[in-house]
Amino acid sequence: MTSPFKSSPYRRRHDLEAGGRSTDDESSGPFDILSTKNASIERLRRWRQAALVLNASRRFRYTLDLQKEEEKQQILRKIRAHAQVIRAAYRFKAAGEQANGNTELHATPTGDFGIDQDQLSTMTRDHKFDFLEQLGGVKGLSDLLKTNNEKGIYGDDADLLKRKNAFGSNTYPQKKGRTFWMFLWEAWQDLTLIILMVAAVASLVLGIKTEGIKEGWYDGASIAFAVILVIVVTAVSDYKQSLQFQNLNEEKRNIHMEVIRGGKRVDVSIYDLVVGDVVPLNIGDQVPADGILIIGHSLAIDESSMTGESKIVHKNSREPFLMSGCKVADGSGTMLVTSVGINTEWGLLMASISEDTGEETPLQVRLNGVATFIGIVGLTVAFLVLVVLLVRFFTGHTKDANGRPQFKAGKTSVGDAVDGAIKILTVAVTIVVVAVPEGLPLAVTLTLAYSMRKMMADKALVRRLSACETMGSATTICSDKTGTLTLNQMTVVAAYAGSKKIDPPEKKSQLSPKLSSLLIEGVAQNTNGSVFIPEGGGDVEVSGSPTEKAILVWGVKLGMNFDAVRSESTVIHVFPFNSQKKRGGVALQLPDSEVHIHWKGAAEIVLSSCTAYFGENDNIEPMDDEKALFFKKAIEDMAAGSLRCIAIAYRSYEIDKVPVGEQELSQWALPEDDLVLLAIIGLKDPCRPGVKEAVQLCQNAGVKVRMVTGDNLQTARAIALECGILGSNEDAVEPILIEGKVFREYSVEEREKHVEKILVMGRSSPNDKLLLVQALRKGGHVVAVTGDGTNDAPALHEADIGLSMGIQGTEVAKENSDIIILDDNFASVVKVVRWGRSVYANIQKFIQFQLTVNVAALIINVVAAVSSGDVPLNAVQLLWVNLIMDTLGALALATEPPTDHLMHRPPVGRREPLITNIMWRNLLIQ
């Protein structure tokens, strides 16, 4: 799926380590590859052509099928073009009907609902706004679908079943995976094995003919048995890997999301979505099905995945149609689901293309280089042995068991001569089978597939195979603070309102009535969360992001009746929270036509826009220097105690200055000056248990942990000290502890000079994170980055390994990442590093094991063939060696779990040779 962040404008031109040369041809050789993260299909094709491949289907078993990839792109283009043509035709027809005054369309009831699926699909697919208006707009449509625009559907099992029966479920038929017999057929296609089977049949026929059926079947049958065994074992291991890849694919597609059912927000799988569902949309989400916008605030959708054009489309009541598969680029809103699964264009698209998980990983590419070199050596040796043995045989130098020459010119029968020649040919072919290490690239796949399955148990879902091995080379991890190093379970523990500290923070009696009512109004209206009070009594259920939840819970404790407060005023315009500006706002119209504008955001940023505060007896006092200092000191004290500080402020506004039209309103910039400070609150977000040990483990392993956060410097410093990223207060000096703004203003040279020292960056914008990643990579680091927001996508894409958060992460962040951390925990990131190192160590063990056997078998046969004209290891024995070495050896060594000592050595360098000097020493001695 394309995303606006897929092709980043920040790519460096001539950085080989980023796999980003300006042309592929500048590289010194096809195997000189360090990253496949952004490698072009052309480059992949060059790797294939460069490898001497006796059996391409086996060597490139789990790598991208380049032909299929091109076909997939063509299908995508066709479907998009088809959809555009149909839409244009319908619009043309509608325009003609309108000109003739013939615009009547009637909703046809289906089952329990007042409209059928075909009409719903046609309306959303062809953007039939006039039909929507005939139905009575969104309200009329939701009545036909028996749903409430605010409370959603009833949502019990019977209701869901009715909807699925009438409109289908949100799944699409997927192409079946390959069966075991297909893998058996592929394993059988190996050229060398086919030659051996032909040789086995010939040997069987000649053996029976010359020695009789009792004695003569041994050779041929045993070769055939060994070949069949190799084929079956290969097919079984490949089939098991394919099942693992399928399961991981299913997991990747299973997006969890919030929907409103029965008045409360519930978390459901994308597969359980039904027509009539009301879905809240926020920046970074994927539109889960086709639908109609109920209400939107500055909602902008990136439709590139459907149209192929990276154009951001703004949605409003005149343009309310939403297509599944698209991403929310900005703003927020709620949508009514009108079509799901195969009835959407996205469903059609996904059903028609199968997802190939294949990709070349750098290790596979390097091993293809090694295997190619050894393959050439093996073929040369086999040819030499063939020539030497044939010459010796036909010149009478090869003796039988009784010491007589096996071939005498004119005396030996043709059958015996052919039999002898076939045996020699079998030996040569078998040498090729043993010498060409096709198991090398396959061992990588086995290791990666095994590691991927095990990493799932360790709460890491791998989206890109190569990330497993790259993680073993990581030298630095740039981690988010909130939710990764901390628990993301926030509670309000300190509050300053009016001119004093409120202790405890929910003590309503310390607030004046006017201040209390304004605070509650701001908390209830300026939020993306919701409060649900069960009808039969019981605990209040609060939903939203952890920050929103904490503030709403605080509001409830202050006596807020969420639904009542929200019904007292009308929302005119919303400025959704923005990580660049670090604040969000809302404009409200009250019953007396008064307008209030509420802001909420980073404490010091909102405070700098305040010119007044609430004093005693509801008086609004001007913000003098002394009071500003008091509030700044309060923020510093809370931040030093590792609290996240948020300020809530408001201002009144003249109604005649508010824009009138929908177009003007959507472009209205909410006034953010002359604010009146209502409160500053401190939210406690405790450190995750085990984070300090995980950070320590990374540091011991030579991996530097850096914290990049949007929170203010003092909070960042307190958490960094708690987590062990900073050793002591003495370390908390610039540039070790730096503000995003300061780093941003450095020149490129200064950035590269200081970047090594930076451990904590506070008040950083997403662009600062990107600049940090670029500077680190330029300095030769292999960078892993964690992120959860849409704005983290460029940094996740730019990093060597992007790790997104499975719980708090947006779909855009996950789409641009290589690994999804399912529990949002930093300790899981460290487990990924362990697995990455384990992959590399296991591959090195396998190379050492295989090459030792290869070299030994080759040397023994060559020396014996040249000196005595006979080979001590016959075809059957060599096949058994090959079976144990290639398949069983790969399985045994590839599935070795990681050990603790892996985290006591430095990271594997990018340019470190695959076969180290120690390995060469062991190999040659053994």
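Whatever comes next refers back to the structure up there.
Thresholds applied
- Residues numbered from 1 in each chain as written.
- Predicted model: local features only at pLDDT ≥ 70, side-chain atom pairs only at ≥ 80, totals over all residues.
- Heavy atoms only, no water.
- Phe/Tyr/Trp six-rings, centres within 6.5 Å; stacked < 30°, edge-to-face > 60°.
- Buried < 20%, exposed > 50% of the residue type's maximum accessible area, 1.4 Å probe, protein only.
- Lys NZ or Arg CZ within 6 Å of the ring centre and 35° of its normal.
- Pairing = 2+ DSSP bridges.
- Helix = DSSP H or I, 4+ residues; strand = E, 2+ residues; numbered from the N terminus.
- Axes fitted to C-alpha atoms, helices over the stretch in contact; angles between N-to-C directions.
- Contact = heavy atoms within 4.5 Å.
- Left-handed = near helix turned anticlockwise from the far one by under 90°.
- Nonpolar A, V, L, I, M, F, W, Y, C, P; charged D, E, K, R; others polar.

**Q** Got a minute to help me understand the packing of aromatic side chains in this structure?
**A** Between two aromatic rings, the relevant description is the distance of the centres plus the angle of the planes. The final tally for this structure, using the stated rule, is twelve aromatic pairs. Arranged with centres 5.0 Å apart and planes meeting at 80°, the rings of Phe393 and Phe394 form a pair that is edge-to-face. Residue classification places Phe394 among the partly exposed residues on the basis of a relative accessible area of 40%. Relative to Tyr746, the ring of Phe743 has its centre 6.2 Å away and its plane inclined at 70°; by these criteria the two rings are edge-to-face. Residues Phe743 and Tyr746 agree in their burial class; the two are buried. An aromatic cluster of three or more residues is present, and its members are Phe180, Trp181, Phe183 and Tyr239. The ring of Phe630 is capped by Lys627, whose NZ or CZ atom sits 4.4 Å from the centre of that ring. The lysine or arginine in question, Arg751, covers the ring of Phe743, its NZ or CZ lying 5.9 Å from the ring centre.

**Q** Teacher, can you tell me more about the sheet that holds strand S23 (residues 760-762) here?
**A** Taken together, eight strands build an open sheet; the order of strands is S8-S26-S25-S24-S9-S21-S23-S22 and the sheet is mixed. Each edge of the open sheet carries a strand with a single partner, namely strand S8 (460-462) and strand S22 (737-739). Across the sheet, the mean angle from the axis of one strand to that of its neighbour is 20°, orientation sign disregarded. For S8 and strand S26 (residues 819-821), the ladder comprises three bridges, and the chain directions are antiparallel. By the bridge assignment, Leu461 is partnered in S26 with Ile820. Where helix H24 (residues 713-723) meets the sheet, it contacts strand S21 (704-708), S22 and S23, and its direction lies at approximately 155° from that of S22.

**Q** Would you mind showing me how to read the packing of helix H30 (residues 826-868) against helix H32 (residues 917-925) here?
**A** Packed helices, taken two at a time, are described by the angle their axes make and the gap between the axes. Packing of H30 against H32 brings their axes to within 9 Å, and their N-to-C directions diverge by 30°. Where H30 crosses over H32, the two elements pack in a sense that is right-handed. Here Gln844, Ile847, Gln848, Leu851, Thr852 and Val855 of H30 come into contact with H32, specifically with Met919, Asn922 and Leu923. Residues of the contact of H30 with H32, tallied by class, amount to five nonpolar, four polar and no charged.

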